[in-house]
Amino acid sequence: MPVNLSITRRLAVNLPLSLAAEVERLARNERRSIASWLRNAIEDQVLLELNREQHRS
């Protein structure tokens, strides 16, 4: 999905080398950039947490 860079915020993340290697491998397997893969993974996790919060209320 294209990202509108005018409405985004750039974040830096330090990952353990083993985790970074797994992210690179997974992104490569899905033929995606690392940034795209991480953005999607974070978005999926945030949506999951929001859904859990709604069910707790």
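Structure first, text after, so check above.
Note that the coordinates shown come from a computational prediction; the quantities given were computed from them, not determined experimentally.

A.B. asks: Could you give an account of the overall build of the protein chain, with specific residues and numbers?
C.D. replies: A count of helices and strands for the protein chain gives two helices and zero strands. Expected size for 57 residues packed as a compact globule is a radius of gyration near 10 Å; at 14 Å, the protein chain overshoots this value by more than 25%. Principal-axis analysis of the C-alpha atoms places the extent of the protein chain at approximately 40 × 30 × 20 Å. Per-residue burial for the protein chain yields a buried fraction of 9% across its 57 residues. Across the protein chain, 9 positive and 7 negative side-chain charges occur, with their mean positions spaced 5 Å apart.

A.B. asks: Please set out the packing of helix α1 (residues 17–29) against helix α2 (residues 34–56) residue by residue, giving values where relevant.
C.D. replies: Running from N to C, α1 and α2 cross one another at 100 degrees; their axes reach a closest spacing of 9 Å. Between α1 and α2, the crossing angle belongs to the class labelled roughly perpendicular. Between α1, through Val-23, Glu-24, Leu-26 and Ala-27, and α2, the contact on the second element is made entirely by Ile-34, Trp-37 and Leu-38. Residues belonging to the contact of α1 with α2 are distributed by class as follows: six nonpolar, no polar and one charged.

A.B. asks: Tell me what's going on with a nonpolar patch on the surface, and back it up with residues and numbers.
C.D. replies: A grouping of Leu-11, Val-13, Leu-15 and Leu-19 is seen on the molecular surface, where their side chains present a nonpolar patch of about 380 Å² in accessible area. When you line up the elements, Val-13 lands in the segment before α1. Residue Val-13 is classed as exposed on the basis of its relative accessible area of 59%.

A.B. asks: Explain the pattern of salt bridges to me, and be specific about the residues and the numbers.
C.D. replies: Taken as a whole, this structure holds three salt bridges when the rule is applied. Of the charged contacts in the structure, one is a salt bridge between Arg-25 and Glu-22, with a shortest N-O distance of 2.8 Å. One end of the pair is Arg-25 and the other is Glu-22, both in helix α1 and three residues apart, which spans about a single turn. For Arg-25, a relative accessible area of 35% puts it in the partly exposed group. Across the salt bridge formed by Arg-52 and Glu-49, the nearest N and O atoms sit 2.9 Å from each other. Residue Arg-52 and its partner Glu-49 are located together in helix α2, separated by three residues, close to a single helical turn.

Calculation rules
Residues numbered from 1 in each chain as written. Predicted model: local features only at pLDDT ≥ 70, side-chain atom pairs only at ≥ 80, totals over all residues. Heavy atoms only, no water. Helix = DSSP H or I, 4+ residues; strand = E, 2+ residues; numbered from the N terminus. Rg over C-alpha atoms; globule rule 2.2 N^0.38 Å. Buried < 20%, exposed > 50% of the residue type's maximum accessible area, 1.4 Å probe, protein only. Lys, Arg positive; Asp, Glu negative; His and termini not counted. Charge placed at Lys NZ, Arg CZ, Asp CG, Glu CD. Axes fitted to C-alpha atoms, helices over the stretch in contact; angles between N-to-C directions. Parallel < 35°, antiparallel > 145°, perpendicular 65-115°, else oblique. Contact = heavy atoms within 4.5 Å. Nonpolar A, V, L, I, M, F, W, Y, C, P; charged D, E, K, R; others polar. Patch = residues over 30% accessible without salt bridge, like charges linked within 9 Å, V, L, I, M, F, W, Y side chains within 5 Å. Areas by Shrake-Rupley, 256 points an atom, 1.4 Å probe, with all protein chains shown as cover. Salt bridge = Lys/Arg side-chain N within 4 Å of Asp/Glu carboxyl O.

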